[in-house]
Amino acid sequence: MNSGSPLPRRRLGRTRVEVTTLGFGGATIGGIGGRVSEAQAAATLEAAWDAGVRYFDTAPWYGRGLSELRVGRLLREQPREEFVVSTKVGRILRAPRDPATFDSSPWSNGLPFEVLFDYTYDGILRAYEDSLQRMSLPRIDLAIVHDLDLGVHAPEARWNAMMAQLITGGWRALDELRAAGVIGGIGVGINPLGMIPRFLDLFDPDFFLVAGRYTLMEQDTLTSELPACVERGVGIVIGAVFNSGLLATGPVPGARYDYREAAPDKLDKAGRIQAVCQRYGVPLAAAALQFPLSHPAVASVIPGPVTPEQVQLNLAAASHPIPAELWRELKAEKLIRDEAPTPSGGVPVYAN
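**Q** Which parts of the structure should I look at to understand the sheet that holds strand 8 (residues 142-145)?
**A** In a beta sheet, neighbouring strands are held together by backbone hydrogen bonds and run either parallel or antiparallel to one another. Pairing in this open sheet of 8 strands is parallel, and the strands run 3-4-5-8-9-10-11-14 from one edge to the other. Either end of the sheet is taken by a strand with one partner, and the two such strands are strand 3 (24-25) and strand 14 (298-301). Summarising the sheet, strand 3 and strand 4 (residues 55-57) pair through 2 bridges and their orientation is parallel. Counted as the bridge partner of G25 is D57 from strand 4. Contacting strand 5 (84-89), strand 8 and strand 9 (185-190), helix 4 (residues 156-179) crosses the sheet at an angle of about 135° to strand 9.

**Q** Hey, could you run me through empty space enclosed by the protein in this one?
**A** Unoccupied space between atoms shows up once a probe the size of one water molecule is rolled over them. Counting across every chain of the model gives 1 cavity of 30 Å³ or more. One number sums up the size of the largest cavity: a volume of about 40 Å³. Across the lining of the largest cavity, the residue classes break down as 7 nonpolar, 2 polar and no charged.

**Q** What's the story with the environment of I144 in this structure? I'm lost.
**A** Along the chain, I144 turns up in strand 8. If we skip the residues at most four places from it in the chain, I144 touches D57, S86, T87, K88, V89, G187, V188, G189, F207 and L209.

**Q** Whenever I open this one, the pattern of salt bridges confuses me. Can you help?
**A** Pairing is possible between side chains that carry opposite charge, provided their charged atoms lie close to one another. Counting across every chain of the model gives 23 salt bridges. Of the charged contacts, one joins D141 and R80 as a salt bridge, the two residues approaching to 2.8 Å between their closest N and O atoms. In this pair, D141 is assigned in the loop between helix 3 (121-135) and strand 8 and R80 in the loop between helix 2 (66-75) and strand 5, connecting sequence segments 61 residues apart. Residue classification places D141 among the buried residues on the basis of a relative accessible area of 9%. Residue classification places R80 among the buried residues on the basis of a relative accessible area of 16%.

Thresholds applied
- Throughout, residues of each chain are indexed from 1 in the direction in which the sequence is written.
- Per-residue local features are limited, in this predicted model, to residues with pLDDT of at least 70; the limit for side-chain atom pairs, both in listing and counting, is 80 or more; totals at the level of whole chains, interfaces and linings are taken over all residues.
- Only hydrogens and water are removed before side-chain values are computed, so all heavy atoms of the structure are retained for them.
- A pair of strands counts as paired when DSSP detects no fewer than two bridges linking them.
- In this description a helix means any DSSP run of H or I spanning at least four residues, a strand means any run of E spanning at least two, and both kinds are numbered starting from the N terminus.
- The criterion used for residue contact is that any of the two residues' heavy atoms lie within 4.5 Å.
- Axis lines are fitted through C-alpha atoms, for helices just across the contact stretch, and the angle between N-to-C directions can take any value from 0 to 180 degrees.
- Method remark: on a 1 Å grid restricted to protein atoms, a set of points is classed as a cavity if a 1.4 Å probe fits but cannot get out and as a pocket if it is open with protein on both sides within 12 Å along at least five of seven lines; lining residues have an atom within 4 Å of a point.
- Grid points are joined across faces, edges and corners, and a volume is the space filled by probe spheres set on the points.
- Under the scheme applied here, ten amino acids are nonpolar (Ala, Val, Leu, Ile, Met, Phe, Trp, Tyr, Cys and Pro), four are charged (Asp, Glu, Lys and Arg), and all others, including Gly, are polar.
- Within this document, salt bridges are pairs made up of a side-chain nitrogen of Lys or Arg and a carboxyl oxygen of Asp or Glu, the two lying within 4 Å of each other.
- Note on exposure labels: buried denotes an accessible area under 20% of the residue type's maximum, exposed denotes more than 50%, and partly exposed covers the range between, all computed with a 1.4 Å probe on protein chains only.

This is how it looks when you write it as structure tokens:
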């Protein structure tokens, strides 16, 4: 494997951890969008490393352990000081009662392990230790509380019960790991709007991993959530930067938005954004990948390629020059919010 020069890095919130502005999201190599072979996953991860990517995000849930195994196979062979890895806590994997009939969906080739949600003190520590073993790494840099939101834990009574576990013990486990220098920072994974203020009221996170809620298609987090993060010095990592496909493919038949087929209004808006991009000779994916990085809280975007070719497409998109006039036109046509930070133009924002 060749070792490409690392991409530019940014400090993540108040931590001492510096992540490459273009990272690697590990959900797709766990099989969320279709079966991914061992050879294909390995080639994709190696291509990302060779391209200079040095921030890798994974989770026990991704492929029911498969993503962590695959990310670990790459990273355990690399100099430890050269990369940053994050994984998630809140789920324990365990063997099913009947492996022969076990359904690993929604992962196309997920491993045969059941999931138990556990945000208690002991559960957080077990999840952390299990992840170390799956990845064959002696430590991780960032631990992220995963899927503690109403989208996963409805109704609210269930969410309250899960949150009570974190309040009464789980967060203390993370805080102890952070205070001891075992991990470099604590994050919270966010999908729906409205969750960031709840966590800021109760805890002291270093960053949020925001999936799909700050993209070219959506900027409602600018109203109060991202400003609150800036005020507290809390960093942001952007997941699902293409809203699970639409902003990469454009409004083609079968395009996906938030893990389901895109609705007509989403296709229409994406088409209008794409038309503006085309007038300036800019690929839609380039504008989508670079847009979030102009926000002062955002340290990294982490698309999830599944082939070496997609790695190269992401790298090209991240480095494509975008004129300031494009962003001004998107605002003039009310396709992005007026207060959305945008680059001044010319130099790709990921290089800053």
